[in-house]
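One letter stands for each residue in the lines below.
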Amino acid sequence: MTELERRANEMRKDIVRMIAEAGSGHPGGSLSCADILCALYFGSVLEYDSQNPDDEARDRFILAKGHAAPALYAVLAHAGYFPREELLTLRKLGGRLQGHPDSSLVPGVEVSTGSLGQGLSVAAGAAAGLKLDGKGQTVFALLGDGECQEGQVWEAAMFAAHRNLDNLVAIVDRNCLQIDGDTADVCDPGDLVAKFQAFGWDACEVDGHDIDALIEALSAAKADRQGKPHAFIARTVKGKGVSFMEHQAGWHGKAPSPEQTEAALADLAALEEKEACRG
């Protein structure tokens, strides 16, 4: 297991612990996107300064699928925006780590998100603003695949291509599950690569759990300023790393019991042990 894979695994442990402590939250989609966030924040893709969150030179990251806040909080804590111990205050009265991220409370959170479908519009607006100001920063947005059933996503996609926002990178967490079941059964989003391409984007698939491949793809997109926004459809597993949560829609928004928490952390620890034995 590489250093970044270990980091992502530690983030998954934090996700499980904080949701268990809170007694509510969204483990499935938080676990599925941990590698994507790890690649962005620790793979030298995203430009940021955790000690100066409002640095004008920073890139912007927008978590459109705001219910995956535990994953965002985990990566921000690991990046040094606030202490990791604070993660256990998730959803606690008086705490700042709300069930959906609040930009007025948490350093490193660019936009308060949670109403699905709106994040890409905000990201496109931010990218357009940076271009109008003649600035070179990149805006990254992480969407859910169920979120892509929202019409506003495609309005934003049309706008971004029309405005040649080549400083915008969208990543879709394609775990194929949403709160009501399989995305193909609820409202099939179909071939998302072809859809984004039809709207004028440069789009392709990527393995959402291959951190090296993610870093390579996202870095290349960030450097490519040829007039098109970029979209990556990241194939992922909902509940990744926890055997009884993987591929289960029921773990979209449910906290584990104490016994399930222990089993989940044991699964994640076993992954590290397995890789250590291989090494």
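Look up: the structure comes first, before these words.
This section reports on the structure supplied with the text. Owing to the predicted nature of the structure, the values given are computational and were not obtained by experimental measurement.

Right, let's get into empty space enclosed by the protein. The final tally for this structure, using the stated rule, is 1 cavity of 30 Å³ or more. Empty space within the largest cavity amounts to approximately 80 Å³. Around the largest cavity, the lining is made up of 13 residues, and of these Tyr48, Asp59, Tyr81, Gly108 and Glu110 lie nearest the centre. Tallied by class, residues from the lining of the largest cavity come to 6 nonpolar, 2 polar and 5 charged.

Mapped onto the fold, histidine 26 is located in the loop between α1 (3-22) and α2 (27-32). Residue histidine 26 is classed as buried on the basis of its relative accessible area of 15%. If sequence neighbours within four positions are ignored, histidine 26 has contacts with Ile19, His67, Arg91, His252 and Gly253.

Burial analysis of strand β2 (residues 139-144) places 6 of its 6 residues in the buried class, which makes it a mostly covered element. Here β2 shows no split at all, with Val139, Ala141 and Leu143 on one side and Phe140, Leu142 and Gly144 on the other all buried. The sheet contact formed by strand β1 (residues 60-63) and β2 spans 4 bridges and is parallel. Across the sheet, arginine 60 pairs through a bridge with valine 139, a residue of β2. For β2 and strand β3 (residues 168-174), the ladder comprises 6 bridges, and the chain directions are parallel.

The rules we used
Residues numbered from 1 in each chain as written. Predicted model: local features only at pLDDT ≥ 70, side-chain atom pairs only at ≥ 80, totals over all residues. Heavy atoms only, no water. 1 Å grid on protein atoms, 1.4 Å probe; cavity = no way out; pocket = protein on both sides within 12 Å on 5 of 7 lines; lining within 4 Å. Points joined across faces, edges and corners; volume = space filled by probe spheres on them. Nonpolar A, V, L, I, M, F, W, Y, C, P; charged D, E, K, R; others polar. Helix = DSSP H or I, 4+ residues; strand = E, 2+ residues; numbered from the N terminus. Buried < 20%, exposed > 50% of the residue type's maximum accessible area, 1.4 Å probe, protein only. Contact = heavy atoms within 4.5 Å. Pairing = 2+ DSSP bridges.

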